[in-house]
Amino acid sequence: DTSGSVNSEELKEFFSEIYHIWKAGAVVDILECDMKISKPKYEYNGKMPEFISGRGGTSFLEPVQYYNDQRKDYTTMVYFTDGYGDQDECKPMGEMIWVITSNGYKKGKFPGKTILIPKKKNNILTEISHKIPSISKVNIKPGNLTKPQSIISSIMSLIALFGKNKQLTKAKLP
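Computed from a prediction, not measured in an experiment: that's the story for all the values here.

**Student:** Would you explain the pairing of strand β4 (residues 96–100) in this entry?
**Tutor:** Look at any regular strand and the pattern is simple: side chains alternate between the two faces of the sheet. Burial within β4 is extensive, with 5 of its 5 residues counted as buried. Side chains of β4 alternate between two faces, with Met96, Trp98 and Ile100 and Ile97 and Val99 buried alike. Pairing of strand β3 (residues 76–81) with β4, which is carried by 5 bridges, proceeds in the parallel orientation. When the bridges of β4 are listed, Val78 appears paired with Ile97. In the sheet, β4 pairs with strand β5 (residues 113–116) via 4 bridges, with the strands oriented parallel. Paired with Val99 across the bridge in β5 is Ile115.

**Student:** Hey, could you run me through the pairing of β3 in this one?
**Tutor:** With respect to burial, β3 is a largely interior element, 6 of its 6 residues being buried. What you see with β3 is no split at all: Thr76, Val78 and Phe80 on one side and Met77, Tyr79 and Thr81 on the other are buried throughout.

**Student:** Would you take a moment to explain the pattern of salt bridges for this structure?
**Tutor:** For side chains bearing opposite charge, pairing can occur when the charged atoms are close. Following the criterion strictly, the structure yields 4 salt bridges and no others. Close ionic contact of Lys12 with Glu9 constitutes a salt bridge, the shortest N to O distance being 3.6 Å. Pair noted here: Lys12 and Glu9 are both in helix α1 (residues 8–23), with a separation of 3 residues, about one helical turn. Judged by its relative accessible area of 45%, Glu9 is partly exposed.

**Student:** Hey, could you run me through helix α2 (residues 61–70) in this one?
**Tutor:** Quick reminder: α-helices carry 3.6 residues per turn. Residues three or four places apart thus point the same way. For α2, the full list of buried residues reads Pro63, Val64, Tyr67 and Asn68. Projected down its long axis, α2 shows its buried positions confined to an angular sector of 145°, all on one face.

**Student:** Mind showing me how you'd approach α1 here?
**Tutor:** Compared with an ideal rise of 1.5 Å per residue, which puts 16 residues at 22 Å, α1 spans 22 Å between its outermost C-alpha atoms and is within 8% of the ideal. Of all the positions in α1, only Glu10, Leu11, Glu13, Phe14, Phe15, Glu17, Ile18 and Ile21 are classed as buried. In this structure Asn7 caps α1, since a side-chain oxygen of it lies 3.0 Å from the backbone nitrogen of Glu9. Where α1 terminates, the next one or two residues include Gly25, which has phi positive at roughly 110°.

**Student:** Sorry if this is basic, but what is going on with the nonpolar core here?
**Tutor:** A general feature of soluble globular proteins is that nonpolar side chains tend to end up buried together. Membership of the largest hydrophobic core comes to 24 residues, with the highest contact counts inside it found for Ile21, Phe80, Ile97 and Ile155. Broken down by secondary-structure element, the contributors of at least two residues to this core are α1, β1 (28–30), β3, β4 and α3 (149–162). In contact with Ile155, not counting residues within four places along its chain, are Ile21, Val78, Phe80, Ile97, Val99 and Ile115. In terms of nonpolar packing, the next biggest core, distinct from the first, is built from 13 residues, Phe60, Val64, Met77 and Leu116 among them.

What counts, and where the lines are drawn
- Residues numbered from 1 in each chain as written.
- Predicted model: local features only at pLDDT ≥ 70, side-chain atom pairs only at ≥ 80, totals over all residues.
- Heavy atoms only, no water.
- Buried < 20%, exposed > 50% of the residue type's maximum accessible area, 1.4 Å probe, protein only.
- Helix = DSSP H or I, 4+ residues; strand = E, 2+ residues; numbered from the N terminus.
- Pairing = 2+ DSSP bridges.
- Salt bridge = Lys/Arg side-chain N within 4 Å of Asp/Glu carboxyl O.
- Arc of directions from axis to C-beta.
- Expected span 1.5 Å × (residues − 1).
- Polar contact = N/O pair within 3.5 Å; in protein donor to acceptor, adjacent residues only side chain to side chain.
- Core = buried A, V, L, I, M, F, W, Y, C linked by side-chain atoms within 4.5 Å.
- Contact = heavy atoms within 4.5 Å.

Quick look at the structure:
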């Protein structure tokens, strides 16, 4: 989510988490989007881009439709966002994880799983919404994790669960 409601610090937070997913061995494709996909997808190379496109309003529909159209190429769509947008209208046809900023909208009905980025003063816990059935299956122990491993561990555990223990080949991260 590169909309105007996502500030520079939150974008840095997104790319910090994306870096750790990439460093764990995932092939990460990035889609920058606000009201629409603002530039073609690109493979993440370990660095935050110097220029981020978008910065307008927010619509989740086009990136989710892109994922639906291309889902044979991806294990999971991970959407980094502040949560302000039309999530109620999104209908992903595959597995989806929403990573919501610490100051984001947390009361939305996000399809799929939801992970909340903790506030900076509380870096110990990763909050996972009640939407995740049977957390024991994902082997997440929030009290024993510290950031950034807490969020990356949660995301990678969910991706592995979605991939039914197959080796991760791609993760979709708008």
